[in-house]
Amino acid sequence: MDRKSCTGVVTGAIHIPTVSFGPKELNTTALAEFGEYIHSVFPTVFKTSFVQHEVIGEYSHLFTVQGSDPSLQPYMLLAHSDVVPAPDEGWEVPPFSGLERDGFIHGRGTLDNKNSVMAILQALELLLLRNYIPRRSFFIALGHDEEISGHNGAQKISALLQARGVQLAFIVDEGNFILDGFIPNLKKPFAIIAVTEKGAIDLMLQVNMTPGHSSAPPKETSIGILAAAVSRLEQTPMPNMFGSGLLKMTLQELAHEFPFPTNIILSNLWLFGPLVSRLMERNYITNALVTTTTALTMFNAGVKVNVIPPVAQAIINFRVDPAQTVQEVLELVKNIVADSRVQFHVLSAIDPPPVSPSDHQALGYQLLRQTIRSVFPEVNIVAPGICIGNTDSRHYTNLTTGIYRFNPLYLNPQSFRSIHGINEKISVRAYETQVKFIFEFIQNADTDQEPVPHLHEL
Ligand SMILES: CCCCCCCC/C=C\CCCCCCCC(=O)N[C@@H](CCCCN)C(=O)O
Ligand SMILES: [Zn+2]
Ligand SMILES: [Zn+2]
């Protein structure tokens, strides 16, 4: 595959608007087209005898790549083909044009997460074209509804594999990146492999009142009561959970890359922990790493300008810190609202998944680490961390204890904001490096020893 067709397959994928708009609201025409598209651009994957392809939940794809050595436990690579909506406003380039310009491929899904869908299949296609036969079996699961919780994609694939008695050595999904420019004093990029992710609660608060004529209003309306309740929630931060462990581990690994005195502070968190945790609260991205976050995302009320509103509803999206549970957060929320006129309806809730191992015996973590060192030799630090978003991987805790969330891409604060935002784009070079990473990763999973850097050239 030449360079042009390598990126051409991504532009074609971005062009298909596989948007998940909301629960049960998907662009099924686009999802069906996407299925045909991957079939047409990766013909070798689909015709190889030891690669089995199944469609699950109508639009998700499960590939089973049969390895030659059945004694090796299989692993799984995950990605998702659906994207969040992208109205044209504010974009430099229309979000579904898939235009390649100035060394970048532009559009919704270029970072989240069609890049991974295409890079995984492209790496496999290239390996198969070179007659590579993997030793270790692996699965590729491409969900079609990750952005709306993965109930028809990842959840069904997980149940199917469980019914087949599959147990996996590890899973690699989207999530964290090689972070660049997120910490002011730290000029060097560092790779964070997320070994857990935050939990989530979608909570609806509702206030009901008897409607009436607005010319003689009651002292408080449903809107006023609800607005005060959600404002209290917004103004009352959840407890800082910095002390609970994982983040401390991440910071200790980063410590020696900082100049004096930050290196001393981060190496002595037993003493400076409270100071560091307060500093992290000041920035909205690092704040998300130390606490359960509260985001007021929807508010609906009122029927007419001169009618006292019978119902007011608000939806709040909490991201639950790995050191807390959904139940604990709900208790805190009830205490903060402290108003019996406000009803609580939990629309969905999921606890944070268990922390995956990152020690020397953790095969998935070590393979990622080795491949990062080989493909990104300039990156000195690889550390375990927390993913602040939710991923399809949370549906697979029944199949493995080793779940790692890592995209082999550089991410800076501007590109972070483009995910679910505007002007999402990936450089051609970054995409090619992602393909190379997966190409090497699959081979590294077959070796018994540390890979020799650049042994497996594309
Ligand atoms: C000391 C370290 C500083 C770290 C700075 C952290 C920077 C954050 C980096 C990357 C985070 C990107 C998260 C990408 C994964 C997002 C996946 C996603 O969008 N999932 C959705 C699922 C929605 C399911 C329906 N409820 C989501 O989380 O909303
Ligand atoms: Zn995603
Ligand atoms: Zn997303």
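Residues numbered from 1 in each chain as written. Chains lettered and ligands numbered in written order. Predicted model: local features only at pLDDT ≥ 70, side-chain atom pairs only at ≥ 80, totals over all residues. Heavy atoms only, no water.

- The name given to the protein in an unreviewed UniProt entry is Peptidase M20 dimerisation domain-containing protein, with Felis catus as the source organism.

**Things to note about the environment of Ile-315**
Turning to step 1, where the next piece is worked out: For Ile-315, the location among the structural elements is in strand S13 (residues 311–320).
Turning to step 2, where the next piece is worked out: Along the sequence, Ile-315 and Val-93 sit 222 residues apart, while their C-alpha atoms lie 32 Å from each other.
Turning to step 3, where the next piece is worked out: Aside from chain neighbours lying at most four places away, what touches Ile-315 is Leu-203, Met-204, Ala-295, Leu-296, Thr-297, Met-298 and Leu-347. (Helix = DSSP H or I, 4+ residues; strand = E, 2+ residues; numbered from the N terminus. Contact = heavy atoms within 4.5 Å.)

**Some details on the coordination of the zinc ion (ligand 3)**
Turning to step 1, where the next piece is worked out: Taken together, Asp-112 (OD), Glu-147 (OE), Glu-147 (OE) and His-420 (NE2) make up the full set of protein donors to the zinc ion (ligand 3), lying 2.0 to 2.8 Å away.
Turning to step 2, where the next piece is worked out: When the donor residues of the zinc ion (ligand 3) are listed from N- to C-terminus, their spacing reads D-x34-E-x272-H.
Turning to step 3, where the next piece is worked out: With relative accessibility at 46%, the residue His-420 sits in the partly exposed group. (Donors = N, O, S within 2.8 Å, 3.2 Å for Na, K, Ca; no water. Buried < 20%, exposed > 50% of the residue type's maximum accessible area, 1.4 Å probe, protein only.)

**Comments concerning the sheet that holds S13**
Paired through their backbone hydrogen bonds, the strands of a sheet run either parallel or antiparallel.
Turning to step 1, where the next piece is worked out: With antiparallel pairing, four strands are arranged side by side in an open sheet as S12-S13-S11-S14. The strands lining the two open edges of the sheet, one partner per strand, are strand S12 (293–301) and strand S14 (343–350). Sheet twist, expressed as the mean angle between neighbouring strand axes with direction ignored, is 15 degrees.
Turning to step 2, where the next piece is worked out: Contacts from helix H6 (residues 222–235) reach strand S11 (199–208), S12 and S13, with the element oriented near 10 degrees to S13.
Turning to step 3, where the next piece is worked out: Across the face of the sheet, helix H11 (residues 326–337) comes into contact with S11, S13 and S14 while running at roughly 30 degrees to S11. (Pairing = 2+ DSSP bridges. Axes fitted to C-alpha atoms, helices over the stretch in contact; angles between N-to-C directions.)

**A short note on the environment of Lys-156**
Turning to step 1, where the next piece is worked out: Mapped onto the elements of the fold, Lys-156 is located in helix H5 (residues 154–163).
Turning to step 2, where the next piece is worked out: Each C-alpha atom, one on Lys-156 and one on Ser-60, is 9.3 Å from the other, the two residues being 96 residues apart in sequence.
Turning to step 3, where the next piece is worked out: If we skip the residues at most four places from it in the chain, Lys-156 touches Ile-56, Gly-57 and His-151.

**Structural notes on the packing of helix H4 (residues 114–129) against helix H14 (residues 428–444)**
Turning to step 1, where the next piece is worked out: Here H4 crosses H14 at 55 degrees, and the two axes come no closer than 8 Å. With respect to each other, H4 and H14 are oriented oblique. Crossing handedness for the pair H4 and H14: right-handed. Every residue of H14 that contacts H4 at Asn-115, Ser-116, Met-118, Ala-119, Ile-120, Gln-122, Ala-123, Leu-126 and Leu-127 is listed here: Tyr-431, Gln-434, Val-435, Ile-438, Phe-439, Ile-442 and Gln-443. (Parallel < 35°, antiparallel > 145°, perpendicular 65-115°, else oblique. Left-handed = near helix turned anticlockwise from the far one by under 90°.)

**Section: the side chain of Ser-427**
Turning to step 1, where the next piece is worked out: Looking at where Ser-427 falls in the secondary structure, it is placed in strand S17 (residues 425–427).
Turning to step 2, where the next piece is worked out: Ser-427 gets classed as buried once you look at its relative accessible area, which sits at 18%.
Turning to step 3, where the next piece is worked out: Of note is the side chain of Ser-427, whose polar atom sits 2.9 Å from the backbone nitrogen of Ala-430.
Turning to step 4, where the next piece is worked out: Ignoring any residue separated from it by four or fewer positions in sequence, one finds Ser-427 in contact with Gly-103 and Phe-104. (Polar contact = N/O pair within 3.5 Å; in protein donor to acceptor, adjacent residues only side chain to side chain.)

**As for unusual backbone geometry**
Most peptide bonds take the trans configuration, and most residues that are not glycine carry a negative phi.
Turning to step 1, where the next piece is worked out: Backbone torsion omega between Asp-112 and Asn-113 reads 10 degrees, so that peptide bond is classified as cis.
Turning to step 2, where the next piece is worked out: We note that Ser-149 has phi near 95 degrees; this positive angle belongs to a residue other than glycine.
Turning to step 3, where the next piece is worked out: Mapped onto the secondary structure, Ser-149 falls in the loop between strand S8 (138–143) and H5.
Turning to step 4, where the next piece is worked out: Although it is not a glycine, His-420 sits at a positive phi angle of roughly 70 degrees.
Turning to step 5, where the next piece is worked out: On the secondary structure map, His-420 appears in the loop between helix H13 (413–418) and S17.

**Let's talk about the coordination of the zinc ion (ligand 2)**
Turning to step 1, where the next piece is worked out: Within the protein, His-80 (NE2), Asp-112 (OD), Glu-174 (OE) and Glu-174 (OE) serve as the donor atoms for the zinc ion (ligand 2), at 1.9 to 2.5 Å.
Turning to step 2, where the next piece is worked out: One can describe the donor arrangement at the zinc ion (ligand 2) as irregular, given that its four donor atoms subtend angles of 56 to 154 degrees at the metal.
Turning to step 3, where the next piece is worked out: One chain supplies every donor for the zinc ion (ligand 2), spaced along it as H-x31-D-x61-E.
Turning to step 4, where the next piece is worked out: Taken as an interatomic distance, the gap from the zinc ion (ligand 2) to the zinc ion (ligand 3) is 3.4 Å; Asp-112 donates to each of them. Highlighted residues: His-80 in strand S5 (residues 75–80) and Glu-174 in strand S9 (residues 171–179), separated in sequence by 94 residues. Accessibility classification places His-80 together with Glu-174 in one group, the buried group. (Tetrahedral: all angles 85-135°; square planar, octahedral: opposite > 155°, others 65-115°.)

**Description of the site of ligand 1**
Turning to step 1, where the next piece is worked out: Neighbouring ligand 1 are 19 residues; Glu-146, Ser-149, Arg-319, Asn-390 and His-420 lie closest to it.
Turning to step 2, where the next piece is worked out: The side chain of Arg-319 places a nitrogen or oxygen atom 2.8 Å from an oxygen atom of ligand 1.
Turning to step 3, where the next piece is worked out: Protein contacts shield 89% of the accessible area of ligand 1, which totals 790 Å² for the unbound molecule.
Turning to step 4, where the next piece is worked out: Looking at the shell around ligand 1, the elements that each hand over two or more residues are S9 and helix H10 (284–290).
Turning to step 5, where the next piece is worked out: The leading source of residues in the shell around ligand 1 is S9, at four residues.
Turning to step 6, where the next piece is worked out: When grouped by side-chain class, the residues that make up the shell around ligand 1 number eight nonpolar, five polar and six charged. (Near = heavy atom within 4 Å. Areas by Shrake-Rupley, 256 points an atom, 1.4 Å probe, with all protein chains shown as cover. Nonpolar A, V, L, I, M, F, W, Y, C, P; charged D, E, K, R; others polar.)

**Some details on the pairing of S8**
Turning to step 1, where the next piece is worked out: Counting buried positions along S8 yields six of six residues, so the element is predominantly enclosed.
Turning to step 2, where the next piece is worked out: Here S8 shows two buried faces, one formed by Phe-138, Ile-140 and Leu-142 and the other by Phe-139, Ala-141 and Gly-143.
Turning to step 3, where the next piece is worked out: Pairing between strand S4 (residues 60–65) and S8: five bridges, direction antiparallel. Paired with Thr-64 across the strands is Phe-139, a residue of S8.

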